[in-house]
Amino acid sequence: MTPIQLAAGTVLTTAVAGSGAAAYAALWPQSQIFGRVLVAGSNPNEIALTYDDGPNDEATERLLEVLARRGVHATFFLIGSFVRQRSGLVRSIASAGHLVGNHTMTHPWLSLQSSRRIREELAGCNTALEDAIGSPVRYFRPPHGARRPAVLRIARELGLTAVQWNITAFDWNPLSAEEILSNVTKGIERNQRRRRGSNVLMHDGGHLGIGQPRLPTIEATSRLLEQYEASRMKFVTVAEWD
Ligand SMILES: [Zn+2]
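This is a predicted model, so every value here is computed, not measured.

Enquirer: Can you break down the packing of helix α8 (residues 177–193) against helix α9 (residues 215–227) residue by residue, with the values?
Expert: Look at α8 against α9: their axes get within 8 Å of each other, and the N-to-C directions meet at 45°. When the axis of α8 is compared with that of α9, the two are oblique. Crossing hand, α8 versus α9: right-handed. Of the residues in α9, those in contact with A177, E178, I180, L181, V184, T185 and I188 of α8 are P216, T217, E219, A220, R223, L224 and Q227. Residues of the contact of α8 with α9, tallied by class, amount to 8 nonpolar, 3 polar and 3 charged.

Okay, structure coming up:
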């Protein structure tokens, strides 16, 4: 048995019904029809906190403090062009024991790009990360969750496993920490009922540039860790499900 969740049969059936369904599947985070994608493990007491679109100066630095205080390791999907500008911060993320992943060089919609551009985006971010942390990168998350067979094929050729999510914090909207925490907690409870692990999509950065305001996400993270501190819940990186 693989610990990776497979898409529901209904989705596979829908997918062969027409190209419209395929386009939908390209955006549905847990769809497997275009190839293997890592979502979550089968232990409902495991949570992977994942943060996209960094590194992002103050927000990332505060997040590292919050995680360190509770001894929790998270997964960071970083944008290569920001990595080039903030390599010291990227080294801080990796040396604190967090998992660092590829989120492309410039955050385009990969499903709309040529194979050549997809390769440049993924390889460029790999090189930026490897220059910063000195070790190879094994995971990537497509911007906007969008993908097509070429994206997954090229990623595989570069030694990358695609990672999606099964809880959306919706924290790219201007939400309060309470609203973000509520979105995440509801998702974790839903996953526990369905007996699966929780892969939470949050953002410590924003793809429009370094300096995006993300402190509500950091505050929500702090409260989430407090909320589950005395519980059986265990925080993992996505590599522990691979
Ligand atoms: Zn992103």
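Enquirer: If you had to explain the pairing of strand β7 (residues 198–203) to someone new, which residues and values would you point to?
Expert: Most of β7 sits out of view: 6 of its 6 residues are buried. Residues S198, V200 and M202 point to one face of β7 and N199, L201 and H203 to the other, with burial holding for every one of them. With 2 bridges joining them, strand β6 (residues 167–168) and β7 adopt parallel strand pairing. Paired with I167 across the strands is V200, a residue of β7. Since β6 and β7 lie parallel, the crossover through α8 that links them has a hand, and here it is right-handed.

Enquirer: Pulling in residues and values, what's your account of the nonpolar core?
Expert: Counting 51 residues, the largest nonpolar core has L49 and F76 as its most contacted members. At 6 residues, helix α6 (residues 115–133) tops the list of elements feeding residues into this core. With residues near it in sequence (within four places) discarded, F76 still touches Y51, T60, L63, L64, L67, I93, H98, L99, V100, G101 and D204. Listed in part, the 11 residues of the second largest apolar core include A40, L99, Y139 and W241.

Enquirer: Could you give an account of the side chain of T217, naming the residues involved and the relevant values?
Expert: Within the secondary structure, T217 sits in helix α9. Accessibility expressed as a relative area gives 1% for T217, which makes it buried. One polar contact links T217 to D171, side chain to side chain, over a distance of 2.8 Å. Those residues in contact with T217 that lie beyond four places of it in its chain are Y51, D171, I180, M202 and H203.

Criteria and thresholds
- Residues numbered from 1 in each chain as written.
- Predicted model: local features only at pLDDT ≥ 70, side-chain atom pairs only at ≥ 80, totals over all residues.
- Heavy atoms only, no water.
- Axes fitted to C-alpha atoms, helices over the stretch in contact; angles between N-to-C directions.
- Helix = DSSP H or I, 4+ residues; strand = E, 2+ residues; numbered from the N terminus.
- Parallel < 35°, antiparallel > 145°, perpendicular 65-115°, else oblique.
- Left-handed = near helix turned anticlockwise from the far one by under 90°.
- Contact = heavy atoms within 4.5 Å.
- Nonpolar A, V, L, I, M, F, W, Y, C, P; charged D, E, K, R; others polar.
- Buried < 20%, exposed > 50% of the residue type's maximum accessible area, 1.4 Å probe, protein only.
- Pairing = 2+ DSSP bridges.
- Right-handed = clockwise from strand over helix to strand, strands pointing away.
- Core = buried A, V, L, I, M, F, W, Y, C linked by side-chain atoms within 4.5 Å.
- Polar contact = N/O pair within 3.5 Å; in protein donor to acceptor, adjacent residues only side chain to side chain.

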